[in-house]
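# Overview (structure and organization)
One letter stands for each residue in the lines below.
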Amino acid sequence: MQDWAPVFISLVLFILLSPGLLFQMPGKCRIIEFGNFQTSAISILVHAILFFALAAIFLIAVGVHMYLGS
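Calculation rules
Residues numbered from 1 in each chain as written. Predicted model: local features only at pLDDT ≥ 70, side-chain atom pairs only at ≥ 80, totals over all residues. Heavy atoms only, no water. Helix = DSSP H or I, 4+ residues; strand = E, 2+ residues; numbered from the N terminus. Rg over C-alpha atoms; globule rule 2.2 N^0.38 Å. Buried < 20%, exposed > 50% of the residue type's maximum accessible area, 1.4 Å probe, protein only. Contact = heavy atoms within 4.5 Å. Areas by Shrake-Rupley, 256 points an atom, 1.4 Å probe, with all protein chains shown as cover. Core = buried A, V, L, I, M, F, W, Y, C linked by side-chain atoms within 4.5 Å.

- If you check an unreviewed UniProt entry, the protein appears there as Transmembrane protein from Sorghum bicolor.

## Here we look at the overall build of the protein
- Across its full length, the protein carries two helices and two strands.
- Ordered by position from N to C terminus, the α and β elements of the protein give α-β-β-α.
- Taken against the 2.2 N^0.38 rule, which gives 11 Å for 70 residues, the C-alpha radius of gyration of the protein at 15 Å runs more than 25% over that of a compact globule.
- Expressed as lengths along the three principal axes of its C-alpha atoms, the size of the protein is roughly 50 × 20 × 15 Å.
- Relative to its full complement of 70 residues, the protein shows a buried share of 20%.
- Contacts spanning at least 24 positions in sequence make up 47% of the contacts within the protein whose residues lie at least 6 apart.
- A total of about 5,100 Å² of accessible surface is found on the protein, and carbon and sulfur atoms cover 77% of it.

## Remarks on the nonpolar core
- Ala-5, Ile-9, Leu-13, Leu-17, Phe-23 and Ala-55 together form the largest nonpolar core, which totals six residues.
- Among the elements that line this core, the one with the most residues is helix H1 (residues 5-16), at three residues.

Have a look at this one:
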């Protein structure tokens, strides 16, 4: 059996933390803008740091495991 948690968690975090899709932090006019479908270099950096931090928390600190199949 293989552990599918890293694949699933990374996919979900990538979709949720894509800059401009659901939210953008920092935004052009405000600190957080929702659903503006725009991005900037600083926003990409902030979302990459959030992605790494959340992935590390879920995969290393909490130790989420997901086994599929027999």
